Amino acid sequence: MIKPKLDVNFYPMILALRDFQKRVELAPESDRAEISLIAERNGGFNYVYTYTGLKDGVNDKLNYRVAERLVKTVLWVCGGYKIFVAGSKYIYERLKKAYSPAGERAFDEDFMSGVYEKPFEVLFLETKDVPAQKNASVKVGGFLKGCRIGFDAGGSDRKVSAVIDGEAVYSEEVVWNPKTETDPHYHYNEILTAMKTAASKMPRVDCIGVSSAGVYVENKIMVASLFIKVDKQKYGDYVKNMYINVAKEMGNVPLEVVNDGDVTALAGSMELNDGRVLGIAMGTSEAVGYINADGGINGWLSELAFAPVDFYENAMRDEWSGDIGVGCKYFSQDAVIKLAEMGGFTFEEGLTPAQKLKVVQKMMENGDPLAEKIYGDIGVYLAYTLPYYALFYDVKHVLLLGRVTGGKGGNIVLETCKKVLASEFPEMAGLDISLPDENSRRLGQSVAAASLPADRN
């Protein structure tokens with residue numbers, strides 16, 4: 001393994017799985033078991049992950065830890081309010097306890113219950129009853145006619161573009177602080193201001209497309225980190241319908257709200273004129289989206305900020321989800337800050353995470369060796385994580401976006417990732433990984449968001 005220079009304890013999930021597979025292969029056949037983990041979501045769609053593990057009683061601690069990390073991944077890749085387990089009663093019983101209001105995965109249980117508005121369940125299945133996988137594919141975006149507003153709601157800045165027949169005639173980026181505000185009227189006014197600014201640059205507004213972190217159902221905000229400080233009981237309906245109400249105030253124009261990760265992938269798909277695109281936006285958190293071979297989305301959550309990438313038992317903990325080793329601490333401004341502090345750097349008191357990122361970016365522009373190590377480590381993270389993501393996504397292209405990839409640092413991330421992949425994963429030699437131009441890295445999502453609503457007939 002090519003280790004990061006600063007985060008020397010990094011133990012990638014893909015290597016942990018390979019080590020586990022070797023352990024299973026060395027075990028007597030009588031100690032092995034076929035284990036299936038199934039996540040089911042609305043519409044009867046599901047994802048089935050089957051692998052060879054160990055029978056109950058052989059090495060329950062390791063067997064469960066691997067299964068728990070895989071379940072966590074499947075859940076945040078695809079989403080679901082039911083988890084089925086086949087092949088191990090021990091894993092089932094442990095997961096049922098973990099995914100409960102008082103369990104170690106209470107955050108995940110509550111999140112999924114909120115998204116699908118149904119109680120979360122963990123159920124046992126006999127191996128003979130494991131279902132076939134049922135997939136979905138929905139066409140989204142790529143519409144260019146008319147006068148469109150594209151809005152990208154980032155955690156540190158909001159971006160908006162006025163787009164006429166596919167050409168951006170105006171774009172702006174404004175710093176805001178949605179994740180620290182308790183009053184949702186702040187969010188509403190900021191969003192509306194951006195919309196009105198873009199509208200003033202065009203003769204009319206035909207539709208609005210929104211790229212925003214979180215989970216959306218029929219343009220309703222089901223769960224979003226932008227509102228993490230807002231009292232859900234007091235303002236739940238107001239937050240849920242925020243984009244819908246903004247569109248009404250803008251003249252009741254057609255609206256389409258899509259997770260920002262999927263818009264990242266859409267931006268790449270539009271640029272490449274191809275499918276099988278995995279978009280990764282490294283900003284306030286990690287946002288991931290996927291455009292499949294048919295040019296559509298799978299209806300998955302792709303909230304990989306909460307999916308594990310590091311199997312190290314003492315990996316950094318995410319404050320929101322309470323879990324360790326998950327993507328938001330490896331592909332975001334938090335990753336940059338974490339690595340800087342691992343390298344002995346001390347930030348000034350009172351700086352926000354976005355300001356700390358700018359400090360490191362300035363260091364990078366000045367050729368600081370520590371900054372080079374920071375971005376190099378993120379490149380190593382990425383090189384070992386992409387093969388893990390490829391277990392779940394059929395990937396041909398990877399597009400990197402977000403403020404962390406801006407400037408010279410983004411180039412180091414890309415170069416390091418390609419170098420490590422070539423050395424350690426030759427089977428992925430055909431994978432295309434790219435950074436768009438500097439302007440697209442920062443504003444590409446808002447332009448792609450403008451293409452989300454379908455053309456008027």
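Owing to the predicted nature of the structure, the values given are computational and were not obtained by experimental measurement. Along each chain, residues carry numbers from 1 onward, in the same order as the chain's sequence is written. At least 70 in pLDDT is required for a residue's local features to be given in this predicted model, at least 80 for side-chain atom pairs to be given and counted, and no such filter applies to totals for whole chains, interfaces and linings, which use all residues. Hydrogens and water molecules were not included; the side-chain quantities draw on all heavy atoms of the structure.

## What to know about the overall build of the protein chain
Inference 1: Per the convention used, a helix needs a DSSP run of H or I reaching at least four residues, while a strand needs a run of E reaching at least two, with both numbered from the N terminus. Within the protein chain, the regular secondary structure consists of 13 helices and 17 strands.
Inference 2: Here the radius of gyration uses the C-alpha set of atoms, whereas the globule reference equals 2.2 Å times the residue count to the power 0.38. Its C-alpha atoms give the protein chain a radius of gyration of 22 Å, near enough to 23 Å, the size a compact globule of 457 residues would have.
Inference 3: Accessibility here uses a 1.4 Å probe with only protein chains present; expressed as a share of the type maximum, an area under 20% marks a residue as buried, one over 50% as exposed, and anything in between as partly exposed. The burial tally for the protein chain puts 58% of its 457 residues in the buried class.
Inference 4: Whether two residues touch is decided by their heavy atoms; if any such pair falls within 4.5 Å, the residues are in contact. Restricting to contacts in the protein chain with at least 6 residues of sequence separation, those with at least 24 account for 72%.
Inference 5: As used throughout, the charge tally considers Lys and Arg to be positive and Asp and Glu to be negative, leaving His and the chain termini uncounted. Note on charges: their place is set at NZ of Lys, CZ of Arg, CG of Asp or CD of Glu. Averaging the positions of the 52 positive and the 62 negative side-chain charges in the protein chain gives two centres separated by 1 Å.

## A closer look at the environment of leucine 357
Inference 1: Position of leucine 357 among the secondary structure elements: in helix α10 (residues 353-365).
Inference 2: As a C-alpha pair, leucine 357 and aspartate 231 span 126 residues in sequence and 29 Å in three-dimensional space.
Inference 3: Residues contacting leucine 357, with those up to four places away along its chain left out, are Gln333, Val336, Tyr375, Arg403 and Val404.

## Quick look at the packing of α10 against helix α11 (residues 369-389)
Inference 1: It is the contact of α10 with α11, at a shortest axis distance of 8 Å, that shows an interaxial angle of 115°. Here α11 runs roughly perpendicular to α10, going by the angle between their axes. When you trace α10 past α11, the crossing you get is left-handed. In contact with Leu357, Val360, Gln361, Met363 and Met364 of α10, α11 contributes Leu370, Ala371, Glu372, Ile374 and Tyr375.
Inference 2: Three classes are used: nonpolar for Ala, Val, Leu, Ile, Met, Phe, Trp, Tyr, Cys and Pro, charged for Asp, Glu, Lys and Arg, and polar for all others, with Gly counted as polar. Residues of the contact of α10 with α11, tallied by class, amount to eight nonpolar, one polar and one charged. An axis is simply a line fitted to the C-alpha atoms; with a helix, the fit covers only the stretch in contact. Between two such axes, the angle follows the N-to-C directions and lies from 0 to 180 degrees. Oblique is the label for every angle not falling under 35 degrees (roughly parallel), over 145 degrees (roughly antiparallel), or within 65 to 115 degrees (roughly perpendicular). Whether a crossing is left-handed or right-handed is set by the direction in which the near helix is turned from the far one by less than a right angle, anticlockwise for left-handed and clockwise for right-handed.

## Remarks on the side chain of lysine 329
Inference 1: Take lysine 329: it is sitting in the loop between β15 (296-297) and α9 (333-342).
Inference 2: Here a polar contact is recorded for every N or O atom pair within 3.5 Å, except that within protein the pair must consist of a potential hydrogen donor and a potential acceptor, and residues adjacent in sequence are included only if both atoms are side-chain atoms. Reaching out from lysine 329, the side chain makes a polar contact with the side chain of aspartate 334 at a distance of 3.0 Å.
Inference 3: When residues no more than four places from it in sequence are discounted, the contact partners of lysine 329 are Met316, Arg317, Asp318, Glu319, Asp334, Ala335 and Lys338.

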